[in-house]
Amino acid sequence: MQAIRLQQTIEKDSEIHLSDLPVFQGQEVEVIVLISPLSEPKKTFTARQLLNSGLIGVWEDRTDIKDSLTYARQLREQSQAKRYDLFG
């Protein structure tokens, strides 16, 4: 069976239009519709929302973190090392 791949953006709810296919009257075809998930818009914060989010100063009361920049760098390095262990 020959496969033809067409990708379309839906213009009207519940409708797909196929035309100009290399098929003839009486010929049997099978149609499979694969629906891609709707992409969610990325959530972004304004400066005010970020300040009010509780994220700023989240490590402030941690006694085990002496230098937040160094700690953040170590977390990134550990995360990257784990990815390399999985895929390397």
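Going by the structure above, here's the rest.
Residues numbered from 1 in each chain as written. Predicted model: local features only at pLDDT ≥ 70, side-chain atom pairs only at ≥ 80, totals over all residues. Heavy atoms only, no water.

Attention now goes to the overall build of the chain. Assigned secondary structure in the chain consists of two helices and zero strands. Relative to the globule expectation of 12 Å for 88 residues, the C-alpha radius of gyration of the chain, 26 Å, shows a markedly less compact shape. For the chain, the spread of C-alpha atoms along the principal axes amounts to about 75 × 40 × 15 Å. Residues classed as buried in the chain amount to 2% of the 88 residues present. For the chain, the exposed surface amounts to about 9,700 Å²; the carbon and sulfur share of it is 52%. (Helix = DSSP H or I, 4+ residues; strand = E, 2+ residues; numbered from the N terminus. Rg over C-alpha atoms; globule rule 2.2 N^0.38 Å. Buried < 20%, exposed > 50% of the residue type's maximum accessible area, 1.4 Å probe, protein only. Areas by Shrake-Rupley, 256 points an atom, 1.4 Å probe, with all protein chains shown as cover.)

This next bit is on the pattern of salt bridges. This model, assessed by the stated rule, comprises two salt bridges. Here E15 makes a salt bridge to K12, at a shortest N to O gap of 3.7 Å. With a relative accessible area of 30%, E15 lands in the partly exposed category. (Salt bridge = Lys/Arg side-chain N within 4 Å of Asp/Glu carboxyl O.)

As a further point, take a nonpolar patch on the surface. There is a patch of nonpolar side chains on the surface, built from I4, L6, I10, I16, L18, L21, V23, V29, V31, V33 and I35 and spanning about 1,000 Å² of accessible area. Mapped onto the elements of the fold, I10 is located in the segment before α1 (47–52). (Patch = residues over 30% accessible without salt bridge, like charges linked within 9 Å, V, L, I, M, F, W, Y side chains within 5 Å.)

This next bit is on unusual backbone geometry. Not every positive phi belongs to a glycine, and S14 is a case in point at roughly 70°. Classification of S14 by relative accessible area gives exposed; the value is 80%. Positive phi, close to 60°, is recorded for D20, a residue that is not glycine. For D20, the location among the structural elements is in the segment before α1. Given the relative accessible area of 78%, D20 is considered exposed.

We now examine the environment of Q74. Within the secondary structure, Q74 is located in helix α2 (residues 68–87). C-alpha separation for the pair Q74 and E15, spaced 59 residues apart in sequence, amounts to 52 Å.

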